[in-house]
Amino acid sequence: MKTTPLSLALAACFLSSGAQAATDAELLARIDRLAAELEAVKAELRSVKAQATPPAPITTTAATTPAATVPVPAAPGAYAQTASASGANPTSLFGYGEVNYNRPFRNSSDTRMDVRRAVIGVTHQASERTRIVGEFEFEHAVASATDSGEVEVEQLYVEHRLNDNVGLKGGLFLIPLGTLNLSHEPLSYYGVERNFVETAIIPTTWREVGLSTFGVTDEGLRWDVGLTSGFDLNKWDKTSDEGRTEGPLAAIHQEGSQARGHDISVYAALDWRGTPGLAVGGGIFSGKASHKVNDPSTANAGVYAPGARVTLWDTHARWTPGKWDLAALYARGSISDTDQLNVQLAGGTPVPKSFFGWYTQAAYRLWENGEYKLSPFVRHERFNTGATYAAMPAGLEIDPLRTEKVLTAGANFQVGGNVVLKADVQRFVVDRSRDRLNLGLGYQF
């Protein structure tokens, strides 16, 4: 027989009242009934607590508190996770997608319409403090041996909160550098295309396999540190121009696919949001990139730079006073010990010693009526994917690339909280053939 302090107290009250003469057997039966009722109430309270919406998961999103014009989810899957946890089913879906139109001004015959990406994800709330997230992306509508589309796992991780302020994460997850890498859904940024600094310099969307610990303080400081896979310099292809056009890190990222792991990378990020509407932060990522490989099957046929280290850092700020949304970001990267490698790559695309980019951006919520919001914006950015190169022998010197300057002006037209229509014009200073008109449709749920 199970008794509790409450049931004994109640029994004592019955005994002392003298309201009813009872035998020992009757009293024991009453005690048993009271104990059973108490256990039932406790079980019901546990059930109600389990079904209640849990605290929002700790995230280390580099983006600021979202402005009314551009709602930024805490992280992919976070909004879906909150919704699913509030119901009986702890598993839910989330996703986003973009359909874009790009028309060059100088060569209109190269106009393209593209299902740029369609992403579907699943979040499972395994327990009150543990969730499992998987995110899967399809690019350019069709992926086959003869089509340029891709199918990829963008994220696959388990997150566990030790308490309301500290959490752990392991698996394939996004690196918290910049503002776009963590919050890259269509409603999270202005313009049809993602900005060049956070694609060519910071290779959004950038994910690694690893472990991290993260949290937030009462003063509004968010922090995130981790050990992850890194870049693989053996993937550099001198016959391809990808390292210049798409960015040097985009050419050697591993994306969690058979990633070489001899050399482990480290990262750390901080983001302060102590003042409403203001976010200031930065981060750094560093790790060796040779992995002690001397493999003739690699693109560089047995050539590698043993001491090569990739380092990338950024600093950023965003302020949303009233109807304004103001942002700025600077990012810089370097790859060391590339002189001998570039000698072997002579005649092809060389590996840069440094690369950088920055932008400033201003948007204004011009008109709002119910679920409709119109926000014009302008963005100025400069970036260089080959700012400097390691010293080379006479006759093999490498000239740095010119810094590209891009002005983007347009507007986001938001329909409710899940759909956005976009239009903008982009003007380039160095490569004028890239001037273009962009139109886009985006959604998220």
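Structure first, text after, so check above.
Just so it is clear, the structure is predicted and the values come from calculations on it, not from any experiment.

**Digging into the overall build of the protein chain**
In step 1: For the protein chain, the count of helices and strands is six helices and 17 strands.
In step 2: Evaluated residue by residue, the protein chain yields a buried proportion of 46% over its 445 residues.
In step 3: Within the protein chain, contacts between residues separated by at least 24 positions form 63% of all contacts whose residues are at least 6 apart in sequence.
In step 4: A total accessible area of about 20500 Å² is found for the protein chain, and carbon and sulfur atoms account for 59% of it.

**Notes on the pairing of strand β9 (residues 278-288)**
In step 1: Inspection of the sheet shows strand β8 (residues 265-272) paired to β9 by seven bridges, in the antiparallel sense. When the bridges of β9 are listed, Ala269 appears paired with Gly283.
In step 2: Hairpin remark: β8 followed by β9, antiparallel, with five residues in the connecting loop; positive phi at Gly277, about 85 degrees.
In step 3: Across 11 bridges, the pairing between β9 and strand β10 (residues 309-319) is antiparallel. Among the inter-strand pairings, Gly287 is bridged to a residue of β10, identified as Val310.

**Here's the deal with the environment of Pro90**
In step 1: Within the secondary structure, Pro90 is located in the loop between α3 (78-85) and β1 (91-104).
In step 2: Between the C-alpha atoms of Pro90 and Thr123, which are 33 residues apart in sequence, the distance is 8.1 Å.

**Observations concerning the pattern of salt bridges**
In step 1: Summed over the entire model, instances satisfying the criterion amount to 16 salt bridges.
In step 2: The salt bridge partner of Glu159 is Arg131, with a shortest N-O separation of 3.2 Å. Placement of the pair is Glu159 in strand β4 (residues 147-161) and Arg131 in strand β3 (residues 130-144), with a sequence separation of 28 residues. When sorted by exposure, Glu159 lands in the same class as Arg131, which is buried.
In step 3: The partner of Glu381 in a salt bridge is Arg379, with the nearest N and O atoms 3.3 Å apart.
In step 4: When its relative accessible area of 0% is taken as the criterion, Glu381 is described as buried.

**As for the environment of Gly167**
In step 1: Along the chain, the position of Gly167 falls in strand β5 (residues 166-174).
In step 2: Gly167 gets classed as buried once you look at its relative accessible area, which sits at 0%.
In step 3: Distance from Gly167 to Thr213, taken between C-alpha atoms, is 5.7 Å for residues 46 residues apart in sequence.

**A look at the side chain of Lys169**
In step 1: Secondary-structure assignment places Lys169 in strand β5.
In step 2: Setting aside chain neighbours within four positions, we find Lys169 in contact with Tyr157, Val158, Glu159, Gly210, Leu211, Ser212 and Phe214.

**A word on empty space enclosed by the protein**
In step 1: This structure, assessed with the given rule, holds four cavities of 30 Å³ or more.
In step 2: Looking at the largest cavity, its volume works out to about 190 Å³.
In step 3: Looking at the lining of the largest cavity, the elements that each hand over two or more residues are β11 (324-335) and β12 (354-364).
In step 4: Of the residues that constitute the lining of the largest cavity, the class distribution is six nonpolar, five polar and four charged.

**Some details on the nonpolar core**
In step 1: Trp206, Leu233, Ile252 and Leu312 are the most contacted members of the largest nonpolar core, which has 36 residues in total.
In step 2: Put simply, the parts of the chain that give this core at least two residues each are α4 (197-201), β10, β11 and β12.

**Considering the side chain of Ser212**
In step 1: Within the secondary structure, Ser212 is located in strand β6 (residues 207-216).
In step 2: For Ser212, the contacting residues outside a window of four places in its chain are Gly167, Leu168, Lys169, Phe173, Asp224, Val225, Gly226 and Tyr267.

**Some thoughts on the packing of aromatic side chains**
In step 1: Throughout the structure, instances matching the rule amount to 11 aromatic pairs.
In step 2: Both rings, one in Trp324 and one in Tyr364, keep their centres 4.8 Å apart while their planes meet at 55 degrees; by these two values the pair is tilted. Separated by 40 residues along the polypeptide, Trp324 in strand β11 and Tyr364 in strand β12 bring together distant segments of the chain.
In step 3: What makes Trp324 partly exposed here is its relative accessible area of 42%.
In step 4: Its relative accessible area of 29% is what places Tyr364 among the partly exposed residues.
In step 5: Taken together, the ring pairs in this structure connect Phe196, Phe383 and Phe428 into an aromatic cluster.
In step 6: It is Lys169 that lies over the ring of Phe214; its NZ or CZ is 5.4 Å from the centre.
In step 7: A cation over an aromatic ring shows up here: Lys422 above the ring of Tyr189, its NZ or CZ 3.8 Å from the ring centre.

**A look at a nonpolar patch on the surface**
In step 1: Taken together, the side chains of Leu93, Ile120, Phe136, Phe138, Val151, Val153, Leu156, Tyr443 and Phe445 define a hydrophobic patch exposed on the protein surface, amounting to about 780 Å² of accessible area.
In step 2: With three residues, β4 is the largest single contributor of residues to the nonpolar patch.
In step 3: Relative to the helices and strands, Tyr443 is located in strand β17 (residues 436-444).

**Here's the deal with unusual backbone geometry**
Of all residues except glycine, most have a negative phi; of all peptide bonds, most are trans.
In step 1: In the segment running from Thr204 into Thr205, the intervening peptide bond is cis, with an omega of -5 degrees.
In step 2: The residue Thr205 is located in the loop between α4 and β6 in this model.
In step 3: Phi is positive for Ala141, which is not a glycine, with a value near 70 degrees.
In step 4: Relative to the helices and strands, Ala141 resides in strand β3.
In step 5: A relative accessible area of 61% places Ala141 in the exposed class.
In step 6: Positive phi, normally seen in glycine, also occurs at Glu255, with a value near 60 degrees.

**Section: the environment of Ala259**
In step 1: Looking at the element boundaries, Ala259 is found in the loop between α5 (242-245) and β8.
In step 2: Considering only alpha carbons, one finds Ala259 and Glu208, 51 residues apart in sequence, at a separation of 8.9 Å.
In step 3: In this structure, Ala259 is in contact with Ser229 and Gln254, ignoring residues within four places of it in sequence.

Here is what the cut-offs are and how they apply
Residues numbered from 1 in each chain as written. Predicted model: local features only at pLDDT ≥ 70, side-chain atom pairs only at ≥ 80, totals over all residues. Heavy atoms only, no water. Helix = DSSP H or I, 4+ residues; strand = E, 2+ residues; numbered from the N terminus. Buried < 20%, exposed > 50% of the residue type's maximum accessible area, 1.4 Å probe, protein only. Contact = heavy atoms within 4.5 Å. Areas by Shrake-Rupley, 256 points an atom, 1.4 Å probe, with all protein chains shown as cover. Pairing = 2+ DSSP bridges. Salt bridge = Lys/Arg side-chain N within 4 Å of Asp/Glu carboxyl O. 1 Å grid on protein atoms, 1.4 Å probe; cavity = no way out; pocket = protein on both sides within 12 Å on 5 of 7 lines; lining within 4 Å. Points joined across faces, edges and corners; volume = space filled by probe spheres on them. Nonpolar A, V, L, I, M, F, W, Y, C, P; charged D, E, K, R; others polar. Core = buried A, V, L, I, M, F, W, Y, C linked by side-chain atoms within 4.5 Å. Phe/Tyr/Trp six-rings, centres within 6.5 Å; stacked < 30°, edge-to-face > 60°. Lys NZ or Arg CZ within 6 Å of the ring centre and 35° of its normal. Patch = residues over 30% accessible without salt bridge, like charges linked within 9 Å, V, L, I, M, F, W, Y side chains within 5 Å.

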